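Observations on chain architecture
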Amino acid sequence: MKKMISGVSIELRQGDIANQADCDAVVNAANAQLESGGGVAGAIHRAAGPGLAKEARPLGPIKPGQAVITGAHDLPNKHVIHCLGPVYGKDKPEGELLSRCYGNALDLAEQNEVNSISFPAISTGIFGYPVEEAAKVAFSTLIEKISHLKKVKRIVFVLYSNQDLETHKRVLEQTLQGKDYPG
Ligand code: AR6
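These lines cover the structure that appears in this document, whether it is placed above or below. Since we're looking at a predicted model, the values are computed, not measured. (Residues numbered from 1 in each chain as written. Predicted model: local features only at pLDDT ≥ 70, side-chain atom pairs only at ≥ 80, totals over all residues. Heavy atoms only, no water.)

Within the chain one finds 5 helices and 7 strands. Taken from the N to the C terminus, the helices and strands of the chain come in the order β-β-β-α-α-β-β-α-β-α-β-α. Relative to a compact globule of 183 residues, whose C-alpha radius of gyration would be 16 Å, the chain shows 15 Å and is just as compact. For the chain, the spread of C-alpha atoms along the principal axes amounts to about 45 × 35 × 30 Å. (Helix = DSSP H or I, 4+ residues; strand = E, 2+ residues; numbered from the N terminus. Rg over C-alpha atoms; globule rule 2.2 N^0.38 Å.)

This is the structure:
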């Protein structure tokens, strides 16, 4: 699925965030220490090699909602943007903290002249954020910022399961419904 809004494309695809060779930057659903972990962080650090943790660790610990940028090492990208999502039910207000992740990641992308960026569904794995609720926050944040983006022209959402992809498609349609966005 692909939508054009204010000259920026939003694409939704099923796949592995560590295998997005057509994007300048990939976003990591990180831990505060910016080390390897399970899920997205495990996949990104495994594919990037030990140099990623070595570069990232001194930039931590980070707080929920914060984002930092590093090189991509052995990943097929230029940058990794590491975001710490909120733990659902613990880090509050979780909607605002999750929204800040997306906003801060896009700000870093703009500052680093990133043209294309892929996001995983931050916080929806180990951190327990319900997928539909998280998708609403992600898309409303993106759409709010999209007309201000100067460098970023492609935003790709990489969902691990087909079910999560379908949920994201539905929520994106709902978010755009009734609003007249220039293509
Ligand atoms: N590519 C794309 N999406 C994935 C992949 C992948 N390779 N692997 C999992 N997902 P999670 P969080 C999906 O747990 O909830 C880490 O261990 C997954 O199905 O990676 O923000 C860190 O060290 C889910 O929908 O991130 C932190 O401690 C989504 O990506 C903590 O987990 C996010 O799942 C962060 O938890």
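Next comes the rest of the description.
Let's shift gears to the site of the ligand. The full set close to the ligand counts 20 residues, and Asn31, Gly38, Val40, Ser123 and Thr124 are the nearest of them. For the ligand, an oxygen atom lies 2.7 Å from a polar atom in the side chain of Asn31. Taking Val40, its main chain carries an N or O atom lying 2.7 Å from an oxygen atom of the ligand. Looking at which element gives the most residues to the shell around the ligand, the answer is helix H1 (residues 39-48), with 4 residues. Here the residues of the shell around the ligand are counted per class, giving 10 nonpolar, 8 polar and 2 charged. (Near = heavy atom within 4 Å. Polar contact = N/O pair within 3.5 Å; in protein donor to acceptor, adjacent residues only side chain to side chain. Nonpolar A, V, L, I, M, F, W, Y, C, P; charged D, E, K, R; others polar.)

Looking now at helix H5 (residues 162-176). Residues lying three or four places apart along an α-helix face the same way, a consequence of the helix completing one turn every 3.6 residues. Taking 1.5 Å per residue as the helical rise, H5 with its 15 residues ought to reach 21 Å, and the 21 Å between its terminal C-alpha atoms agrees with that figure. On its buried side, H5 packs onto strand E1 (2-5), strand E2 (8-14), helix H4 (131-145) and strand E7 (154-159). Immediately downstream of H5, the backbone of Gly178 shows phi near 80 degrees, a positive value. (Expected span 1.5 Å × (residues − 1). Contact = heavy atoms within 4.5 Å.)

Looking now at the side chain of Glu110. Mapped onto the elements of the fold, Glu110 is located in helix H3 (residues 94-111). One buried charged residue, Glu110, forms no salt bridge at all, with the nearest opposite charge on Lys150 at 6.1 Å. Of note is the side chain of Glu110, whose polar atom sits 2.9 Å from the backbone nitrogen of Val152. In this structure, Glu110 is in contact with His148, Leu149, Lys150, Lys151 and Val152, ignoring residues within four places of it in sequence. (Buried < 20%, exposed > 50% of the residue type's maximum accessible area, 1.4 Å probe, protein only. Lys, Arg positive; Asp, Glu negative; His and termini not counted. Salt bridge = Lys/Arg side-chain N within 4 Å of Asp/Glu carboxyl O.)

Our next topic: the nonpolar core. Counting 39 residues, the largest nonpolar core has Ile81, Ile117, Phe119, Phe139, Ile155 and Phe157 as its most contacted members. Of all the secondary-structure elements, those providing two or more residues to this core are E2, strand E3 (25-29), strand E5 (79-83), H3, strand E6 (116-119), H4, E7 and H5. If we skip the residues at most four places from it in the chain, Phe157 touches Glu11, Leu12, Arg13, Tyr102, Phe119, Ala138, Phe139, Leu142 and His168. Ala18, Val26, Leu52 and Leu75 belong to the second-largest nonpolar core, a separate cluster that totals 13 residues. (Core = buried A, V, L, I, M, F, W, Y, C linked by side-chain atoms within 4.5 Å.)

Take the pattern of salt bridges next. Scanning all chains against the criterion turns up 13 salt bridges. A salt bridge links Arg57 to Glu35; the shortest N-O distance between them is 3.3 Å. Taken together, the residues Arg57 in the loop between helix H2 (50-56) and strand E4 (67-71) and Glu35 in the loop between E3 and H1 connect sequence positions 22 residues apart. Across the pair Glu132 and Arg170 runs a salt bridge whose closest N-O atoms are separated by 3.3 Å.

Moving on to the pairing of E6. Two faces make up the sheet, and in a regular strand the side chains alternate between them. Judged by which residues are buried, E6 turns out to be covered on both faces: Ser116 and Ser118 on one side and Ile117 and Phe119 on the other are all buried. Direction of pairing for E6 relative to E7: parallel, over a ladder of 4 bridges. Note that in E7 the partner of Ser116 across the bridge is Arg154. Remark: the E6/H4/E7 crossover connection has right-handed handedness. (Pairing = 2+ DSSP bridges. Right-handed = clockwise from strand over helix to strand, strands pointing away.)

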